[in-house]
Amino acid sequence: MTAADYSDRCRRLLRATGASRVTLRLADESGFPALVAEEAAPGVPSMRSGSPINPADYPTYRHLVETGDLLVQSDTRTHPIRPPASLIDEMRVYAQILAPIRRDGRTVGTVSVHIQDHPRHFTAADVAAVRDFQQYVEAGLAG
């Protein structure tokens, strides 16, 4: 897969879910989950403009690694699995869906769907769209 393929898929997921931002992170050569693709609605800042973070340092990422399943947070400010404070305070992400990207049984990245400025209850269609993107990326990594 190319960066353009990933960006196109992020754009599709953004439209399908009505999200504020969609990101794809994949492990680089050092294993760091680097931001490789991102699409945002007009007026929504890029994750690149916020405080730099290592997602692997936070409970949300550890949840993905430990469970191998999606994390759906209708309100990031009250959910018991805490995202990075900068995600809420700087980027104003108040709801999100996170999906692990797995290869050979290991988490090697994430897909995130962010909702800015308000909580949101996600639909089954939203979750299905995230799973479709997750499977697309994983199939591409598998060759």
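One structure accompanies this document, and this report is about it. (Residues numbered from 1 in each chain as written. Predicted model: local features only at pLDDT ≥ 70, side-chain atom pairs only at ≥ 80, totals over all residues. Heavy atoms only, no water.)

1. Description of the environment of Asp126
Inference 1: Tracing the sequence through the fold places Asp126 in helix α4 (residues 124-142).
Inference 2: Asp126 gets classed as buried once you look at its relative accessible area, which sits at 4%.
Inference 3: Along the backbone, Asp126 and Arg25 are 101 residues apart, and their C-alpha atoms lie at a distance of 19 Å. (Helix = DSSP H or I, 4+ residues; strand = E, 2+ residues; numbered from the N terminus. Buried < 20%, exposed > 50% of the residue type's maximum accessible area, 1.4 Å probe, protein only.)

2. As for empty space enclosed by the protein
Inference 1: Here the structure, examined in full by the defined rule, presents 1 cavity of 30 Å³ or more.
Inference 2: Of the voids in this model, the largest cavity is the one considered here, and its volume is about 190 Å³.
Inference 3: What lines the largest cavity is a set of 17 residues, and nearest its centre among them are Arg25, Ile53, Pro55, Thr60 and Leu98.
Inference 4: The set of elements that each furnish at least two residues to the lining of the largest cavity consists of β1 (21-27), α2 (59-67), β4 (93-103) and β5 (106-116).
Inference 5: When the residues that make up the lining of the largest cavity are grouped by side-chain class, the tally is 10 nonpolar, 6 polar and 1 charged. (1 Å grid on protein atoms, 1.4 Å probe; cavity = no way out; pocket = protein on both sides within 12 Å on 5 of 7 lines; lining within 4 Å. Points joined across faces, edges and corners; volume = space filled by probe spheres on them. Nonpolar A, V, L, I, M, F, W, Y, C, P; charged D, E, K, R; others polar.)

3. A closer look at the layout of surface pockets
Inference 1: Taken as a whole, the largest pocket holds about 210 Å³ of empty space.
Inference 2: Considering the residues around the largest pocket, the lining is formed by 16 residues, among which Arg25, Met47, Ser51, Pro52 and Ile53 are closest to the centre.
Inference 3: Elements that contribute at least two residues to the lining of the largest pocket include exactly β2 (33-40) and α3 (85-89).
Inference 4: It is β2 that contributes the most residues to the lining of the largest pocket, 3 residues altogether.
Inference 5: Tallied by class, the residues present in the lining of the largest pocket amount to 10 nonpolar, 3 polar and 3 charged.

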